[in-house]
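# A closer look at the structure
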Amino acid sequence: MTRIHDMGGRYGDGAVKPDAPEEPVFPQEWHGRALALTLAAGALGRWNIDASRHVRECLPPADYARFGYYEKWLGGLANILVAQGIVSADEIAAGRALGPADDSLRNRRLAAEKVVPVLRSGGPSSRPVDTAPRFAIGARVTTHPIAGNQAISGGHTRLPAYAAGKTGTVVLHHGGHVLPDSNAHFGGEAPEHLYSVSFAAGDLWQHAESPADEVCLDLWDSYLTPA
Amino acid sequence: MPHDHHDETDASHPHALLPSEPALRVKALETILVDKGLVDPAALDAIIDYYEHEIGPHIGAGLIARAWVDPDFRKDLLRDADALIDSLGHGGRQGEHVVVVENTPETHNMVVCTLCSCYPWPLLGIPPAWYKSDAYRSRAVREPRAVLAEFGVSLPADTRIRVWDSTAEIRYLVLPMRPDGTDGMSETELAALVTRDSMIGTGLITTGLITTGLITMAGES
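For clarity, every value in this text was computed on a predicted model and none was experimentally measured.

Moving on: the overall build of chain A. Looking only at helices and strands, chain A has nine helices and five strands in total. In chain A, the succession of α and β elements from N to C terminus is α-α-α-α-α-α-α-β-β-α-β-α-β-β. Along the three orthogonal principal directions, the C-alpha set of chain A runs to about 55 × 45 × 35 Å. For chain A, the proportion of its 227 residues judged to be buried stands at 46%. Looking at chain A alone, contacts between residues at least 24 apart form 63% of all its contacts between residues at least 6 apart.

Once that is clear, we can look at the pairing of strand S4 (residues 170–175) of chain B. Residue and element names in this part refer to chain B. Within S4, six of the six residues are buried, which leaves it mostly tucked inside the rest of the structure. Taking every second residue as pointing to the same face, both faces of S4 are buried, with Ile170, Tyr172 and Val174 on one and Arg171, Leu173 and Leu175 on the other. Sheet analysis places strand S1 (residues 97–102) next to S4, joined by six bridges and oriented parallel. When the sheet's bridge partners are listed, glutamate 102 is paired in S4 with leucine 175.

Here we take up the packing of helix H1 (residues 29–42) of chain A against helix H1 (residues 22–35) of chain B. Direction vectors running N to C along H1 of chain A and H1 of chain B enclose 30°, while the axes themselves pass 10 Å from each other. By crossing handedness, the relation of H1 of chain A to H1 of chain B is classed as left-handed. Contacts between H1 of chain A and H1 of chain B involve Trp30, Arg33, Ala34, Leu37 and Ala41 of chain A on the former and, on the latter, Pro22, Ala23, Val26, Leu29, Glu30 and Leu33 of chain B. Looking at the contact of H1 of chain A with H1 of chain B, its residues break down into nine nonpolar, no polar and two charged.

Within the element layout of this structure, glycine 123 of chain A appears in the loop between helix H7 (115–121) and strand S1 (140–143). Spatially, the C-alpha atoms of glycine 123 of chain A and asparagine 48 of chain A are 9.6 Å apart, while their sequence positions differ by 75 residues.

All names here are of chain A. Taking 1.5 Å per residue, 15 residues should reach 21 Å; helix H4 (residues 69–83) reaches 21 Å between its end C-alpha atoms and fits that length. Burial within H4 is extensive, with 13 of its 15 residues counted as buried. Just beyond H4, the residue with positive phi is glycine 85, at close to 70°.

A few words on the sheet that holds strand S2 (residues 107–112) of chain B. Pairing in this open sheet of seven strands is mixed, and the strands run S5(A)-S1(A)-S2(A)-S3(A)-S4(A)-S3(B)-S2(B) from one edge to the other. Each edge of the open sheet carries a strand with a single partner, namely strand S5 (224–226) of chain A together with S2 of chain B. Adjacent strand axes in the sheet meet at a mean angle of 35°, parallel and antiparallel pairs treated alike. Pairing of strand S2 (residues 167–177) of chain A with strand S3 (residues 192–200) of chain A involves six bridges; the strand directions are antiparallel.

You'll often see interface size given as the accessible area lost when the parts meet. All names here are of chain A. Taken domain by domain, chain A consists of domain 1 (29–121) and domain 2 (140–226). Each of domain 1 and domain 2 has a C-alpha centre, and these two points are 28 Å apart. Across the contact, six residues belong to domain 1 and five residues belong to domain 2. Residue composition of the side of domain 1 that touches domain 2, by class: one nonpolar, two polar and three charged.

Moving on: the environment of arginine 79 of chain B. In this structure, arginine 79 of chain B sits in helix H4 (residues 71–79). In the structure, arginine 79 of chain B is positioned 21 residues away from valine 100 of chain B in sequence and 8.2 Å away in space, judged by C-alpha atoms.

Taken domain by domain, chain B consists of domain 1 (20–53) and domain 2 (56–215). For domain 1 of chain B versus domain 2 of chain B, the distance between C-alpha centres works out to 32 Å.

Counting residues at the interface gives 79 residues for chain B and 88 residues for chain A. Among the elements of the structure, H1, helix H2 (41–54), S1, helix H7 (134–139), helix H8 (144–150) and strand S3 (160–165) of chain B are those that each provide at least two residues to the side of chain B that touches chain A. It is H1 of chain B that contributes the most residues to the side of chain B that touches chain A, 11 residues altogether. The residue inventory of the side of chain B that touches chain A, partitioned by class, reads 41 nonpolar, 16 polar and 22 charged. Pairing analysis gives four bridges linking strand S4 (residues 214–220) of chain A to S3 of chain B, with the strands arranged parallel.

All names here are of chain B. Packing of helix H3 (residues 57–69) against H4 leaves a shortest axis separation of 5 Å and a crossing angle of 125°. Judged by the angle between their axes, H3 and H4 are oblique. With respect to the hand of their crossing, H3 and H4 are arranged in left-handed fashion. Facing H3, whose interface residues are Leu63, Arg66 and Ala67, H4 presents Phe73, Arg74 and Leu77. Its residues assigned to classes, the contact of H3 with H4 comprises four nonpolar, no polar and two charged.

About the criteria used
Residues numbered from 1 in each chain as written. Chains lettered and ligands numbered in written order. Predicted model: local features only at pLDDT ≥ 70, side-chain atom pairs only at ≥ 80, totals over all residues. Helix = DSSP H or I, 4+ residues; strand = E, 2+ residues; numbered from the N terminus. Buried ≥ 20, exposed ≤ 12 C-beta atoms within 10 Å, placed from the backbone. Contact = placed C-beta atoms within 7 Å. Pairing = 2+ DSSP bridges. Axes fitted to C-alpha atoms, helices over the stretch in contact; angles between N-to-C directions. Left-handed = near helix turned anticlockwise from the far one by under 90°. Nonpolar A, V, L, I, M, F, W, Y, C, P; charged D, E, K, R; others polar. Expected span 1.5 Å × (residues − 1). Domains from an automatic or database assignment. Parallel < 35°, antiparallel > 145°, perpendicular 65-115°, else oblique.

Below is the structure:
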């Protein structure tokens with residue numbers, strides 16, 4: 001059911017290696033270039049943050065596992081540019097443009113002087129929702145039994161496998177937010193109430209390190225049922 | 001049932017057509033997008049400059065230090081961080097919605113994103129490599145105490161750890177405990193003590209370090 005990116009709780013990854021003091025922001029020059037290129041292409045407005053996450057998750061597992069962070073970004077960017085018809089596979093193979101883009105798209109090119117205002121304003125995901133929240137703070141809720149997109153096979157979701165079918169307690173209500181499961185597939189923003197739900201470690205793991213510790217996840221209304 | 005169109009066939013993975021060397025891969029994509037009139041190289045430079053020089057952990061550290069000295073600010077930061085952060089001009093991409101979580105002797109907070117690498121960019125800058133690593137993403141939720149030990153952090157058994165897995169667009173910032181022995185310090189001096197890792201929850205600001213710092217400072221003066 002799940003994809004390679006859904007790795008919470010997985011065994012075998014070894015020790016975390018804290019960075020050295022004064023590690024540069026971009027350890028390799030191309031890291032910054034890859035980040036900038038991804039943001040500049042995103043500013044063309046042809047996809048949203050959920051779609052860009054999904055395209056990275058759809059990298060073949062073998063590539064996802066061997067790629068570093070910015071390599072995943074580049075792989076995802078190439079794939080979504082082709083999927084959106086902005087760049088052709090022939091152009092990717094040739095390593096050069098085989099024709100100009102449409103004027104309508106060229107007109108959306110991010111100008112250098114707009115960079116800082118665009119980065120400073122961001123793109124909030126909060127949206128009004130007509131209905132009252134179903135769950136109050138303190139309510140006990142159970143997550144969907146399967147960590148998959150409920151409408152699209154292999155589609156995007158933000159319910160990790162380790163938290164599927166588990167019961168926890170609502171600790172925060174964030175108001176309405178865009179539903180990634182819909183937005184990633186250009187199915188509309190379909191906003192829903194978003195909650196932080198706290199789970200006891202002892203309820204999540206077969207061999208909890210410390211059962212009273214907790215993991216909190218942000219989960220949308222449609223991921224939850226009353227416990 | 002509709003199926004995801006990105007899957008299964010080689011033709012749907014155009015990234016495989018790019019050069020294998022990452023630096024060349026970026027260059028190839030940049031060349032294509034610039035030639036098509038879709039990307040301005042000067043905009044790329046401006047984006048890199050912004051993340052290298054404008055934002056970083058010093059912004060988050062300033063908020064923490066102020067929360068330590070100003071009880072009203074602390075209350076507002078914990079109750080409605082967005083309004084406060086916007087009023088200070090520290091909002092922006094990957095930090096549109098922020099929740100600040102407070103460490104106490106009873107509860108220690110720690111932040112991860114198991115599904116990707118969500119992080120409060122406008123407050124802490126670009127996430128460090130370890131935060132984006134498979135090891136941190138996979139283990140922080142299952143064995144936070146073992147992960148903390150790899151950062152040299154050991155918590156009492158009766159301190160409850162609460163790990164925040166950033167699965168939505170809410171970004172979490174940890175408000176570390178103000179260390180003892182800092183009563184006479186100014187907001188600026190306090191901000192200099194606040195580490196990036198302490199605001200992710202993988203570091204503590206300990207009295208021991210500060211004492212060493214004061215002794216060093218005294219020795220130099």
